[in-house]
Amino acid sequence: MALRGRGENADGDGPGPRRRSIRLLILISVGVSLLSLIPTVSAHGGAESSGLSQSHGLAIAGIGAFAVGALVLLKRRGKISPRTALYGIAVGIGVAIVGAILFEGLAPDPTYQADSMPFPRSWYQPLAIGTGLLVVVASFITGLVRWTTRPRYMALGMLLGGWILYPYLLPGFSGYTNPIGYGIVIATPLLVGYILWKDVGAALSTILQDPVARRFGFSVGVMVSLFFMATTGYLSFFNEEGDPQETTVTVLNVLYQIVRWPTLEVLLPDIPFFIAISPGVVIVLGLLGVLVGLNAAAVAHSWRLDRQAGATQSTAGTATVVGACTCGCCGPLVSQVAVIAAGPTIAAPIYWIFVDSASPLSSIFLLGSIALFTGTLVYSIDSPAPVRQESSEISTGITE
């Protein structure tokens, strides 16, 4: 994908400071109005006290998704400028995420029996070991055959395979606190960052000089990170039965992914609000948010240049959405959708696959998402026949 900056307005309609302030005020007002719906709910299934139900959350999510689709269609037909479409899509994504959080939060807590598991836990170990070894061997062979000049790709694949294998090579408490486990988690964002810097660093620098693309990517990345936190229970706007009724701030040693992290938990029952933050959550969900945001910024930048998205760019955008939906963080939400669509008999296996702490599948989907986001970003920018950029064009950037 050739990325070139232009000194003139990329959209052809440059709003002044007053217009930008009005637009920002509208966006903030919409966001505050939507978020104000959340604190009125007292607990899971608390529709009686708030007047809200799962159907309201589903309707809000549908409105957001419809708005995004409509804005994409209007932009493709040239009815609105790319900047207007991007700001509108960011708001639509926010509305859809609020609806999804409401939908999941208002659902009654599911109760599944062990006999509803799709397969016994004894399958977990061979599944994880087989998958981990397959990823390691495939990455090694592919690196030797296909990416001979880029061994960093092989290293990332082998690292992710080692992440899958780790809990079974060092099982139990010894593995939860082993420095190797912490090293695997910390090395993953460092290696991903090195790959992006080495292969597409100059192009990403150009993309992020575009203020609209930068804001769009940042907003999408933050919203996706918050969505992942909400669906994993690390962020909640709902009081749960049995929660303390007074403000609680505590630090616990909590297992997240493959090792234990000191986790700060804050519960404010009067709002209601709960958040749990640990270095592991910041590293993993922060990495996912950054990758999604950069993919979004790349798509926004190509729109701003009024280029027709080619096959590569379309693949990147679609793969980002698919990857986010298949991430293990979305397991509880997927199970709730399945309950409504087909009943708990079908939902139970989905729930167990994503939520069971002993299952390796949630980690496999999570790591697959990281690989997918990284690969689509590199592939969409570092095309097979890139057009060389002039340094003057790169330094000029894109103005609003």
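This write-up is about the structure you can find in this document. (Residues numbered from 1 in each chain as written. Predicted model: local features only at pLDDT ≥ 70, side-chain atom pairs only at ≥ 80, totals over all residues. Heavy atoms only, no water.)

1. Digging into the overall build of the chain
Next, step 1: Across its full length, the chain holds 15 helices and 6 strands.
Next, step 2: Counting only residues that meet the buried cut, the chain has 46% of its 400 residues in that class.
Next, step 3: Long-range contacts, defined as pairs at least 24 residues apart, comprise 78% of the intrachain contacts of the chain with a sequence gap of at least 6.
Next, step 4: Of the roughly 19,200 Å² of accessible surface on the chain, a fraction of 67% belongs to carbon and sulfur atoms. (Helix = DSSP H or I, 4+ residues; strand = E, 2+ residues; numbered from the N terminus. Buried < 20%, exposed > 50% of the residue type's maximum accessible area, 1.4 Å probe, protein only. Contact = heavy atoms within 4.5 Å. Areas by Shrake-Rupley, 256 points an atom, 1.4 Å probe, with all protein chains shown as cover.)

2. Notes on the nonpolar core
Next, step 1: The biggest cluster of nonpolar side chains holds 80 residues, and the ones touching the most others in it are Leu196, Leu204, Phe216, Leu285 and Ile381.
Next, step 2: Take this core: its biggest share by element is 13 residues, from helix α10 (residues 279-304). (Core = buried A, V, L, I, M, F, W, Y, C linked by side-chain atoms within 4.5 Å.)

3. Looking at the packing of aromatic side chains
Next, step 1: Counted according to the given criterion, the structure contains 6 aromatic pairs.
Next, step 2: When the centroid spacing of 5.8 Å and the interplanar angle of 55° are considered together, the rings of Phe237 and Phe273 count as tilted. Of the two residues, Phe237 sits in the loop between β2 (235-236) and β3 (248-256) while Phe273 sits in strand β5 (residues 273-277), which places them 36 residues apart along the sequence.
Next, step 3: On the basis of relative accessible area, Phe237 is assigned to the buried category, the value being 19%.
Next, step 4: We classify Phe273 as partly exposed; its relative accessible area is 22%.
Next, step 5: The lysine or arginine in question, Lys75, covers the ring of Trp303, its NZ or CZ lying 4.7 Å from the ring centre.
Next, step 6: Arg152 extends its terminal NZ or CZ atom over the ring of Tyr153, reaching a point 5.8 Å from the ring centre. (Phe/Tyr/Trp six-rings, centres within 6.5 Å; stacked < 30°, edge-to-face > 60°. Lys NZ or Arg CZ within 6 Å of the ring centre and 35° of its normal.)

4. Some points on the pairing of β3
Next, step 1: In terms of strand pairing, β3 meets strand β4 (residues 259-268) through 9 bridges, oriented antiparallel. When the sheet's bridge partners are listed, Thr250 is paired in β4 with Glu265.
Next, step 2: Hairpin remark: β3 followed by β4, antiparallel, with 2 residues in the connecting loop; positive phi at Gln257, about 65°. (Pairing = 2+ DSSP bridges.)

5. Details of unusual backbone geometry
Peptide bonds are trans in most cases, and residues, glycine excluded, mostly fall at negative phi.
Next, step 1: Residue Pro272 is reached from Ile271 by a cis peptide bond, and omega for that bond is -10°.
Next, step 2: Of note, Pro272 is situated in the loop between β4 and β5.
Next, step 3: Backbone geometry at Gln257 places phi at a positive 65°, although glycine is not the residue there.
Next, step 4: Among the structural elements, Gln257 can be located in the loop between β3 and β4.
Next, step 5: Owing to a relative accessible area of 27%, Gln257 belongs among the partly exposed residues under this scheme.

6. A short note on the environment of Thr231
Next, step 1: Inspection of the secondary structure assignment puts Thr231 in helix α9 (residues 211-232).
Next, step 2: Placed 131 residues apart in sequence, Thr231 and Ala100 show a C-alpha to C-alpha distance of 9.1 Å.

7. Digging into the pattern of salt bridges
Next, step 1: All told, the structure shown has 2 salt bridges when counted by the stated rule.
Next, step 2: When the shortest N-O distance is used, the salt bridge between Arg152 and Asp199 registers 2.5 Å. With Arg152 in helix α6 (residues 151-169) and Asp199 in helix α8 (residues 179-209), this residue pair connects regions lying 47 residues apart in the sequence. Summarising the burial analysis for this pair, Arg152 and Asp199 share the class buried. (Salt bridge = Lys/Arg side-chain N within 4 Å of Asp/Glu carboxyl O.)

8. Comments concerning the packing of helix α3 (residues 54-76) against helix α4 (residues 82-105)
Next, step 1: As a packed pair, α3 and α4 sit with axes 7 Å apart at the nearest point and diverge in direction by 165°. Taken as axis vectors, α3 and α4 run roughly antiparallel relative to one another. For the pair α3 and α4, the sense of crossing is left-handed. Residues Gln54, Gly57, Leu58, Ile60, Ala61, Gly64, Ala65, Val68, Leu71, Val72 and Lys75 of α3 pack against Pro82, Ala85, Gly88, Ile89, Gly92, Ile93, Val95, Ala96, Gly99, Ala100, Leu102 and Phe103 of α4.
Next, step 2: Grouping the amino acids of the contact of α3 with α4 by side-chain chemistry returns 16 nonpolar, 6 polar and 1 charged. (Axes fitted to C-alpha atoms, helices over the stretch in contact; angles between N-to-C directions. Parallel < 35°, antiparallel > 145°, perpendicular 65-115°, else oblique. Left-handed = near helix turned anticlockwise from the far one by under 90°. Nonpolar A, V, L, I, M, F, W, Y, C, P; charged D, E, K, R; others polar.)

9. Some details on the pairing of β5
Next, step 1: Here β5 shows a clear split, with Phe274 and Ala276 buried on one side and none of Phe273, Ile275 and Ile277 buried on the other.
Next, step 2: Note that β4 and β5 share 5 bridges and pair antiparallel. Bridging from a neighbouring strand, Glu265 pairs with Ala276 of β5.
Next, step 3: Linking β4 to β5, which pair antiparallel, is a turn of 4 residues.

Function-wise, these values are silent; they only describe arrangement.
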